Amino acid sequence: ILVKDGLVWLTIGKKEEAALKSVSKVIKRADEKRLVENSGFNSVLSENNVCNVLVNTTPFVKMIDKYGRYAVGSEASVAMSSILSQTKGYWLTYSADMSKTGFKFVTKFVQPNGDIFEPPYASEVSTDFLSYVPEDYMGVFALGLNSQAIEELVATMETLVETNVRGNEREIAKTAIEYLKNIEGTMSVSFGTDDIQKLLFGEDIRELDLVATIEMKSGKAEKTIDGIFEMLSPNDPSGEIIKKTGAGKLEFVIPNYGTIYVEGSDNMVVI
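Predicted model only: the values in this text are computed from it and were never measured.

Asks: Tell me about the environment of Pro-134, residues and numbers included.
Replies: Here Pro-134 shows up in the loop between strand E5 (102-110) and strand E6 (139-145). Overall, Pro-134 belongs to the partly exposed group, its relative accessible area being 36%. Separated by 81 residues in sequence, Pro-134 and Val-53 have C-alpha atoms that sit 36 Å apart.

What follows is the structure in C-alpha cells.
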C-alpha cells in the first residue's frame, strides 16, 4: 500500500522499491496520454453515481477468438465471437446508483469518442404483457427483439434442421420454424409462488406459478396456436396430452406437474 500525492495505490506481489517504480511508471504513462482525455470515458467516469466502472473489452474478445473453442467448444465459441466482435473498439461501462425508492444499474458499450453501441437486434419492450401478470407474482423478465433478430434466428434454425434432422421430425421442425416467423416484439416470463420455501428447498416445481407471453405479428397469435395443434395432434390422437378447447386455445397435460394453458389474446401468445 503506497501513498503518493494524496492517493492510495495498491500493488500486488512487488517489493517496496519495485512497487514504487511501478506506480511511478503508471503516472508517467498517464502524463503522456490520460484515459479521461477521451470524451466518452470522461463523461462516464464523472457521472454522479455510487459506482462507475469502465472495462476495455477488446482484449477479452481477442482471447475468446483465440482460445474460446477450448473452453466452450467450437460452435459455442463461434457464436460468442460473432456477437462480441460487434463490440470491438468499445469499452464496457457499468454504473450503480441508489435512491429512496431503490437501486438502478446501467450497462453500456461506449467508444472513446462517446458513441454508444446500439444492439442491432434490440427493440423497445412493450409493457402490454403486464396485464397478464398477477400482482402477487415475484419476478418479471422481458426482452424486445426486432424483425432482423427473428429473421437471423430462423435462418440459423433452418440450417441446423437441414443439416441434422431427418424424416418426419424434419417436417415437424420446418413447420414449427414457419410459426417462429410470426414472432415480433416483446417476449416475457413472469413467475410467483405461494410457498417459496417448498419451491427452493423442497425443489417442488409444482409450486412454481408461471406466465409467459410472446408478441406476434397482427392477427397471427390464434392462427399460430391452431397451427401448432394441427402439427402435434397426430402424435396424440387420443388427446391425453394435447387438447384444443377453442379457437386459439390449447391445454398441455404434463405428467407430475399439471396443465399448461396456451391462448391467443390480441396479438400475444399467452402461456
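Asks: Let's hear about the side chain of Thr-193: which residues, and what values?
Replies: On the secondary structure map, Thr-193 appears in strand E7 (residues 183-193). Among the polar contacts listed, one links the side chain of Thr-193 to the backbone nitrogen of Asp-195, at a separation of 3.1 Å. Among the polar contacts listed, one links the side chain of Thr-193 to the backbone oxygen of Glu-207, at a separation of 2.7 Å. Aside from chain neighbours lying at most four places away, what touches Thr-193 is Met-138, Leu-199, Glu-207 and Asp-209.

Asks: Let's hear about the packing of aromatic side chains: which residues, and what values?
Replies: Counted according to the given criterion, the structure contains five aromatic pairs. With a centroid separation of 4.6 Å and an interplanar angle of 50 degrees, the aromatic rings of Phe-41 and Trp-91 are classed as tilted. Linking Phe-41 in helix H2 (residues 39-45) with Trp-91 in strand E4 (residues 91-99), this pair joins segments that are 50 residues apart in sequence. In this structure, Phe-41 and Trp-91 share a single accessibility class: buried. Residues Phe-103 and Phe-105 carry aromatic rings whose centres are separated by 6.4 Å and whose planes lie at 15 degrees to one another, so their mutual orientation is stacked. With respect to burial, Phe-103 and Phe-105 carry one shared label: exposed.

Asks: Give me the lowdown on the sheet that holds E5, citing residues and values where you can.
Replies: Backbone hydrogen bonds hold the strands of a sheet together, and the pairing may be parallel or antiparallel. Ordered in space as E3-E4-E5, the three strands form an open sheet in which the pairing is antiparallel. Each end of this open sheet is capped by a strand with a single partner; those strands are strand E3 (51-56) and E5. Taken pair by pair, the neighbouring strands of this sheet meet at an average axis angle of 15 degrees, ignoring direction.

Calculation criteria
Residues numbered from 1 in each chain as written. Predicted model: local features only at pLDDT ≥ 70, side-chain atom pairs only at ≥ 80, totals over all residues. Heavy atoms only, no water. Helix = DSSP H or I, 4+ residues; strand = E, 2+ residues; numbered from the N terminus. Buried < 20%, exposed > 50% of the residue type's maximum accessible area, 1.4 Å probe, protein only. Polar contact = N/O pair within 3.5 Å; in protein donor to acceptor, adjacent residues only side chain to side chain. Contact = heavy atoms within 4.5 Å. Phe/Tyr/Trp six-rings, centres within 6.5 Å; stacked < 30°, edge-to-face > 60°. Pairing = 2+ DSSP bridges. Axes fitted to C-alpha atoms, helices over the stretch in contact; angles between N-to-C directions.

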